[in-house]
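In case you want the letters, here they are:
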2 protein chains.
Amino acid sequence: MEHRCENCIIRQFNSLRALNKDELKKVSDSKISKIIKKGDALFTEGQKLDGVFCVRNGVSKLSKLSSNGKEQIVKLTNRGEIMGQRSVIAEDFTNLSATAISEMEVCFIPKETISNILNTNPYFSLEVLRHLAHDLKEADDVIVNMSQKTVKQRLAEAFIYLKNNYGEDVNGFLSLTLSRDDYANIVGAATESLIRMISEFKKKGLIKTDGKKIGIVQDCTLQELADGF
Amino acid sequence: MEHRCENCIIRQFNSLRALNKDELKKVSDSKISKIIKKGDALFTEGQKLDGVFCVRNGVSKLSKLSSNGKEQIVKLTNRGEIMGQRSVIAEDFTNLSATAISEMEVCFIPKETISNILNTNPYFSLEVLRHLAHDLKEADDVIVNMSQKTVKQRLAEAFIYLKNNYGEDVNGFLSLTLSRDDYANIVGAATESLIRMISEFKKKGLIKTDGKKIGIVQDCTLQELADGF
DNA sequence: TGTATTAACTGACAATTATCATGTTTTAGA
DNA sequence: TCTAAAACATGATAATTGTCAGTTAATACA
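Here is what the cut-offs are and how they apply
Residues numbered from 1 in each chain as written. Chains lettered and ligands numbered in written order. Predicted model: local features only at pLDDT ≥ 70, side-chain atom pairs only at ≥ 80, totals over all residues. Heavy atoms only, no water. Contact = heavy atoms within 4.5 Å. Buried area = accessible area lost by both parts, 1.4 Å probe. Salt bridge = Lys/Arg side-chain N within 4 Å of Asp/Glu carboxyl O. Polar contact = N/O pair within 3.5 Å; in protein donor to acceptor, adjacent residues only side chain to side chain. Near = heavy atom within 4 Å. Helix = DSSP H or I, 4+ residues; strand = E, 2+ residues; numbered from the N terminus. Phe/Tyr/Trp six-rings, centres within 6.5 Å; stacked < 30°, edge-to-face > 60°. Buried < 20%, exposed > 50% of the residue type's maximum accessible area, 1.4 Å probe, protein only. Lys NZ or Arg CZ within 6 Å of the ring centre and 35° of its normal. Pairing = 2+ DSSP bridges. Nonpolar A, V, L, I, M, F, W, Y, C, P; charged D, E, K, R; others polar. Axes fitted to C-alpha atoms, helices over the stretch in contact; angles between N-to-C directions.

**Student:** Quick rundown of the interface of chain B and chain A? Include the residues and the values.
**Tutor:** Listed by partner, the interface residues are 41 residues for chain B and 41 residues for chain A. Of the roughly 3900 Å² buried at the junction of chain B and chain A (both faces included), carbon and sulfur atoms supply 66%. Taken as a group, B:Leu129, B:Ile143 and B:Gln148 account for 17% of the area that chain B buries against chain A, more than any other trio of residues on that side. In this structure, B:Asp141 and A:Lys64 form a salt bridge, with 3.2 Å as the shortest nitrogen-oxygen distance. Our count for the chain B to chain A interface comes out at 18 residue pairs in polar contact (both at pLDDT 80 or more).

Here is the structure:
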């Protein structure tokens with residue numbers, strides 16, 4: 001049973017909402033649905049993408065290798081996001097790798113379909129522009145955080161972000177479970193440093209842990225920490 | 001004597017190249033030319049922009065204040081760049097401040113003019129998209145550099161960037177003269193740390209200084225340093 | 001042209017963070 | 001279920017970077 005884009009609510013959350021019936025049909029006819037297993041890559045840095053991915057479900061990390069071989073996670077994607085647009089628009093190699101953090105359900109849309117619509121539907125272009133503009137603003141914020149905040153502040157901020165964006169389970173643990181390594185690659189620190197900091201937060205009663213799982217205990221104190229108090 | 005966009009070569013370097021004669025006339029009729037003195041602001045963080053700036057000449061820094069009150073320079077603009085598009089497109093407050101680093105000659109184009117063209121000319125939208133895509137890629141690179149490279153590496157990289165993008169004078173000094181404070185805010189370090197590093201580079205013969213002015217002496221060694229060797 | 005202000009610089013020291021070494025726990029798969 | 005590999009964890013130490021305090025040099029401008 002294949003899904004039709006016409007019936008997919010996800011498109012309301014991204015630039016595909018600007019499409020008319022006819023365009024939507026073309027997208028639906030050309031798209032390919034895929035299941036990506038946790039840990040598998042959607043694409044890797046330097047690859048030429050011949051389409052974009054629309055995320056129906058699941059979470060991925062967008063990361064980049066630095067010259068010293070360490071991975072830096074630049075962004076976590078949400079449900080409803082379109083991935084790979086930057087690369088398709090600029091007709092450029094991807095500058096980022098995308099890896100599934102949880103099992104994902106995505107639709108691949110060939111770039112010809114996207115290009116055609118971009119060339120004819122200014123509302124679609126405008127929607128895409130708005131999304132890129134949003135990403136750019138977020139990237140600027142990350143730059144400032146990276147250079148002006150301590151690792152401790154960035155980690156506190158990451159916890160709050162994860163809670164706000166992905167929620168928590170019935171026991172108060174973050175729904176999105178990341179490895180310590182992933183945390184280190186988000187805040188940009190050595191894994192050992194990061195683990196130590198998690199221990200410290202736990203000792204202070206700010207968070208609780210259960211294996212890999214992390215739960216936020218003191219939202220406010222954590223927020224203050226992130227803001228530098 | 002007012003300049004006409006139709007005769008301005010600068011537009012070949014930015015998204016305005018996608019305009020037709022009629023659109024160009026509209027831009028030219030609605031634009032306002034301005035001279036911005038060194039040190040003056042074009043706009044500041046949190047402001048609502050009612051247009052974009054097309055840079056005919058001069059250099060500016062795009063910066064953002066962090067919660068601890070320190071300034072972080074996110075990007076230096078080049079001749080021919082359009083500033084403020086992100087904010088106008090997203091109909092959002094600016095997330096950055098723009099300050100002239102040298103005397104600037106800019107044209108202010110009202111957002112109505114831009115919006116009209118965006119809504120009707122898909123080639124223009126596509127050009128703007130390409131530029132945003134490029135900015136986004138650069139921002140990702142900055143994130144990785146900030147988190148994975150040392151201050152020393154980032155400074156070396158900054159020197160190379162300044163030489164490649166703004167050139168040097170007949171005596172081999174960088175054409176763009178920045179204050180030590182600006183350098184610190186580019187690489188994201190304390191001003192004192194940065195000054196110390198400049199002294200060190202000088203002592204090692206990698207650069208030369210003359211007051212504020214800085215000249216690159218050993219390009220290759222500096223590049224290697226930036227790459228982490 | 002003198003003076004006030006700002007920018008550049010240096011030293012001493014403290015805080016943050018990375019690295020290396022090593023042990024423990026968890027996980028995946030034969 | 002056993003075992004190898006991966007992930008987690010902690011200590012000791014070194015490197016990096018920031019902070020504070022103070023000096024000197026440059027710049028602006030009355």
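Back to the text.
**Student:** Explain the protein's contact with DNA strand D to me, and be specific about the residues and the numbers.
**Tutor:** What surrounds DNA strand D is a group of 15 residues, the closest being A:Arg180, A:Arg196, A:Ser199, A:Lys212 and B:Val151. Backbone atoms, meaning sugar and phosphate, form 55% of the atoms of DNA strand D found within 4 Å of the protein. In this structure, B:Val151 approaches DNA strand D through a main-chain N or O atom, which is 2.8 Å from a phosphate oxygen. If you list the elements that add at least two residues to the surface near DNA strand D, you get helix 6 (180-187) and helix 7 (191-203) of chain A together with helix 7 (191-203) of chain B.

**Student:** So what's going on with the packing of aromatic side chains? Residues and values would help.
**Tutor:** In the structure shown here, the tally under the stated rule is eight aromatic pairs over all chains. When the centroid spacing of 5.3 Å and the interplanar angle of 65 degrees are considered together, the rings of B:Phe159 and B:Tyr183 count as edge-to-face. With B:Phe159 in helix 5 (residues 151-166) and B:Tyr183 in helix 6 (residues 180-187), the pair connects residues that are 24 residues apart, well separated along the chain. Note on B:Phe159: relative accessible area 0%, which makes it buried. An aromatic cluster of at least three residues, connected via ring pairs, comprises A:Phe43, A:Phe53 and A:Phe108. In this arrangement the basic side chain of B:Lys48 is found over the ring face of B:Phe93, its NZ or CZ atom lying 4.5 Å from the centre. B:Lys213 extends its terminal NZ or CZ atom over the ring of B:Phe173, reaching a point 5.3 Å from the ring centre.

**Student:** Outline the sheet that holds strand 6 (residues 82-83) of chain A, supporting the account with residue identities and numerical values.
**Tutor:** Residue and element names in this part refer to chain A. The strand order across the open sheet formed by four strands is 1-8-3-6, and the pairing between neighbours is antiparallel. Edge positions in the open sheet fall to strand 1 (32-36) and strand 6, since each of these has one partner strand only. By the bridge criterion, six bridges tie strand 3 (residues 51-57) to strand 8 (residues 104-110) in an arrangement that is antiparallel. Across the sheet, Phe53 pairs through a bridge with Phe108, a residue of strand 8.

**Student:** Mind laying out the protein's contact with DNA strand C, listing which residues take part and the relevant values?
**Tutor:** Close to DNA strand C lie 15 residues; A:Val151, A:Ser193, A:Arg196, B:Arg180 and B:Arg196 are nearest. Protein-adjacent atoms of DNA strand C, using a 4 Å cutoff, are sugar or phosphate at a proportion of 54%. Here A:Glu192 contributes a side-chain N or O atom positioned 3.5 Å from a base nitrogen of DNA strand C. Between a phosphate oxygen of DNA strand C and a side-chain N or O atom of B:Ser199, the distance comes to 2.9 Å. Counting residues per element, the surface near DNA strand C draws most heavily on helix 7 of chain B, at four residues. Here the surface near DNA strand C is built from residues that sort into four nonpolar, four polar and seven charged.

**Student:** An account of the sheet that holds strand 5 (residues 71-76) of chain B is needed here, citing residue identities and associated values.
**Tutor:** Spatially, four strands are ordered 2-7-4-5 (chain B) in an open sheet, and the strand pairing comes out antiparallel. A single partner strand is all that each edge strand has here, and the edge strands are strand 2 (41-43) and strand 5 of chain B. Each adjacent strand pair in this sheet contributes to an overall mean axis angle of 35 degrees, direction not counted. One ladder, built from five bridges, connects strand 4 (residues 60-65) of chain B with strand 5 of chain B; its direction is antiparallel. Following the sheet pairing, B:Lys61 is matched in strand 5 of chain B by B:Leu76. Here helix 4 (residues 122-148) of chain A sits on the sheet in contact with strand 4 and strand 5 of chain B, set at roughly 135 degrees to strand 5 of chain B.

**Student:** Residue-level account of the environment of B:Arg4, with values.
**Tutor:** All names here are of chain B. Take Arg4: it is sitting in the segment before helix 1 (21-30). Judged by its relative accessible area of 32%, Arg4 falls in the partly exposed class. Distance in space between the C-alpha atoms of Arg4 and Leu24 is 9.2 Å, their sequence separation being 20 residues. Excluding anything up to four places from it in sequence, Arg4 contacts Lys25, Ser28, Asp29 and Lys31. For Arg4, the side chain forms a polar contact with the side chain of Ser28, separated by 3.4 Å. A distance of 3.0 Å separates polar atoms of two side chains, one belonging to Arg4 and the other to Asp29.

**Student:** Pulling in residues and values, what's your account of the side chain of A:Glu81?
**Tutor:** Residue and element names in this part refer to chain A. Note that Glu81 resides in the loop between strand 5 (71-76) and strand 6. Here the side chain of Glu81 touches Lys75 through a polar contact of 3.2 Å, side chain to side chain. In terms of polar contacts, Glu81 uses its side chain to reach the backbone amide nitrogen of Asn78, at 3.0 Å. Ignoring anything within four residues of it in the chain, the contact list for Glu81 reads Phe53, Cys54, Val55, Lys75 and Leu76.

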